[in-house]
Amino acid sequence: MEDYLLATWHPSTRPPALHLAAEAGTQWLGLEVRHHQQQDDSHATVEFVARYRIAGRGQRLRELSRFVRQDGRWYYVDGDIS
């Protein structure tokens, strides 16, 4: 999963690594896209909720993400977490 996320993250904001499994006992459960909107030919936003568990306790992460299309591919740029 980390390899895919890094490959689809725009180089201008992409971190060198994500360390998603660094927290012992983290289990990713799913991702639900709640809404998406294309602003123009090369900009879009996506609202999603990610579900996961840390040491057996359920967690949710909601983000409004910004994407840019470059060379025909969509790349994640950044987002606002709430």
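The following refers to the structure shown. Quick caveat, the model's predicted, so the values are computed rather than measured.

The next thing to look at is the packing of aromatic side chains. Tallying each qualifying case throughout the model produces three aromatic pairs. With centroids separated by 4.7 Å and ring planes inclined at 40°, the aromatic side chains of W28 and Y52 adopt a geometry described as tilted. One end of the pair, W28, is in strand 1 (residues 26–40); the other, Y52, is in strand 2 (residues 43–54), with 24 residues separating them in the sequence. For W28, a relative accessible area of 37% puts it in the partly exposed group. With centroids separated by 5.7 Å and ring planes inclined at 75°, the aromatic side chains of F67 and Y76 adopt a geometry described as edge-to-face. For F67, a relative accessible area of 22% corresponds to the partly exposed category.

It is worth spelling out the sheet that holds strand 2 at this point. The sheet built from four strands is open, its strands ordered 1-2-3-4 with antiparallel pairing. Here the strands that pair on one side only, and so sit at the sheet edges, are strand 1 and strand 4 (73–81). Strand-to-strand twist in this sheet, taken as the mean axis angle between neighbours without regard to direction, amounts to 25°. Sheet topology places strand 1 next to strand 2; twelve bridges connect them, and they run antiparallel. Residue pairing across strands places W28 opposite Y52, the latter belonging to strand 2.

Cut-offs and rules
- Residues numbered from 1 in each chain as written.
- Predicted model: local features only at pLDDT ≥ 70, side-chain atom pairs only at ≥ 80, totals over all residues.
- Heavy atoms only, no water.
- Phe/Tyr/Trp six-rings, centres within 6.5 Å; stacked < 30°, edge-to-face > 60°.
- Helix = DSSP H or I, 4+ residues; strand = E, 2+ residues; numbered from the N terminus.
- Buried < 20%, exposed > 50% of the residue type's maximum accessible area, 1.4 Å probe, protein only.
- Pairing = 2+ DSSP bridges.
- Axes fitted to C-alpha atoms, helices over the stretch in contact; angles between N-to-C directions.

This is a description of form; function is not addressed.
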